[in-house]
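Report on the structure
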Amino acid sequence: AAASATDFAGGATARGGESPRRTNPKIEDFLRRLGDQHSQISPVVLIGIVRLIDLLIIGLTGFACYFLYVYPRDGFDTIYPLAIPTVSLLCVVGFQAVNIYAVQIFRTLARQTIRLFAAWAGVFAIAITAFFFMKMGDQVSRVWFVMWFMAGLLSLLIFRVVLALQVRDWTRSG
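Residues numbered from 1 in each chain as written. Predicted model: local features only at pLDDT ≥ 70, side-chain atom pairs only at ≥ 80, totals over all residues. Heavy atoms only, no water.

A tally of helices and strands in the chain yields 7 helices and 0 strands. Along the chain direction, N to C, the helices and strands of the chain fall in the order α-α-α-α-α-α-α. Buried positions account for 30% of the 174 residues belonging to the chain. Partitioning the intrachain contacts of the chain with sequence separation of at least 6 by distance along the chain shows that 72% fall at a separation of at least 24. Accessible surface, the chain: about 11,400 Å² in total, of which carbon and sulfur atoms supply 66%. (Helix = DSSP H or I, 4+ residues; strand = E, 2+ residues; numbered from the N terminus. Buried < 20%, exposed > 50% of the residue type's maximum accessible area, 1.4 Å probe, protein only. Contact = heavy atoms within 4.5 Å. Areas by Shrake-Rupley, 256 points an atom, 1.4 Å probe, with all protein chains shown as cover.)

Below, the discussion takes up the pattern of salt bridges. Counted under the stated rule, the structure contains 1 salt bridge. Where Arg-160 meets Asp-54, a salt bridge forms, and the shortest distance between an N and an O atom there is 2.5 Å. Taken together, the residues span a long stretch of sequence, with Arg-160 in helix α7 (residues 142–173) and Asp-54 in helix α3 (residues 43–74) at a distance of 106 residues. Classification of Arg-160 by relative accessible area gives buried; the value is 1%. A relative accessible area of 0% means that Asp-54 is categorised as buried. (Salt bridge = Lys/Arg side-chain N within 4 Å of Asp/Glu carboxyl O.)

Attention now moves to a nonpolar patch on the surface. A cluster of nonpolar side chains, contributed by Ile-41, Val-45, Ile-49 and Trp-170, occupies part of the molecular surface with about 330 Å² of accessible area. Along the chain, Ile-49 turns up in helix α3. (Patch = residues over 30% accessible without salt bridge, like charges linked within 9 Å, V, L, I, M, F, W, Y side chains within 5 Å.)

A few words now on the environment of Val-103. With respect to the helices and strands, Val-103 occurs in helix α5 (residues 103–107). Distance from Val-103 to Ile-47, taken between C-alpha atoms, is 7.3 Å for residues 56 residues apart in sequence. Beyond its immediate sequence surroundings of up to four residues, Val-103 is in contact with Pro-43, Leu-46, Ile-47 and Val-167.

Now for unusual backbone geometry. The phi dihedral of Asn-99 falls on the positive side, at around 60 degrees, and the residue is not glycine. Following the sequence through the fold, Asn-99 ends up in the loop between α4 (79–97) and α5.

With that settled, consider α4. With 19 residues, α4 extends 26 Å between its outermost C-alpha atoms, agreeing within 8% with the 27 Å of an ideal straight helix rising 1.5 Å per residue. Within the sequence span of α4, burial applies to Ile-79, Tyr-80, Ala-83, Ile-84, Val-87, Ser-88, Cys-91, Val-92, Gly-94 and Phe-95. Close packing links the buried residues of α4 with α3, α6 (109–133) and α7. Positive phi shows up at Asn-99, right after α4, with a value of about 60 degrees. (Expected span 1.5 Å × (residues − 1).)

Between α4 and α6, whose axes approach to 9 Å, the crossing angle comes to 140 degrees. It follows that α4 is oblique to α6 by the angle criterion. When the axes of α4 and α6 are compared, the crossing they make is right-handed. Here Ala-83, Val-87, Leu-90, Cys-91, Gly-94 and Phe-95 of α4 come into contact with α6, specifically with Leu-116, Ala-119, Trp-120, Val-123, Phe-124, Ala-127 and Phe-131. (Axes fitted to C-alpha atoms, helices over the stretch in contact; angles between N-to-C directions. Parallel < 35°, antiparallel > 145°, perpendicular 65-115°, else oblique. Left-handed = near helix turned anticlockwise from the far one by under 90°.)

For the rest of this paragraph, the subject is the side chain of Thr-61. Tracing the backbone shows Thr-61 in helix α3. In this structure the side chain of Thr-61 is engaged in a polar contact, spanning 3.0 Å, whose partner is the backbone oxygen of Ile-58. At 3.3 Å, the side chain of Thr-61 and the side chain of Trp-148 are in polar contact. (Polar contact = N/O pair within 3.5 Å; in protein donor to acceptor, adjacent residues only side chain to side chain.)

Within the secondary structure layout, Leu-157 lies in helix α7. Take Leu-157: its relative accessible area is 25%, and that puts it in the partly exposed class.

See the structure below:
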């Protein structure tokens, strides 16, 4: 007969009266928690994870568009590696300002999408304005900027759909 998880983790006695092989208590605890269907994630932790994923999505799409479009044509330019993290951070701040980081909002796709688009467009409008007033408009590719706007928005929307479905599932299961 196959050994059960508790036999493997050292929770049962071995045949023939031999003492069972004991594993590390940390491994036993990990295995126990791994099998626990009702383990919960704290709302604060979930919100922090969503913020981090948003930041990564925005930054990675910005750099992907840069390396796909700008870098092959113009080579390395310092303005992009400075602008991408700045706009990424401003987007996360903008998302916080429109209250998109709340578990209740994560469940509702329509409210999430409207707020996300408003903050996303607002931050990009601020970035365009900043480039204009700093007289950097000629140094930044408009095609890259539009590519980043569209790719980032699409990536964020896909992530939010997945997030909404997952949070709804967690809510149903308790």
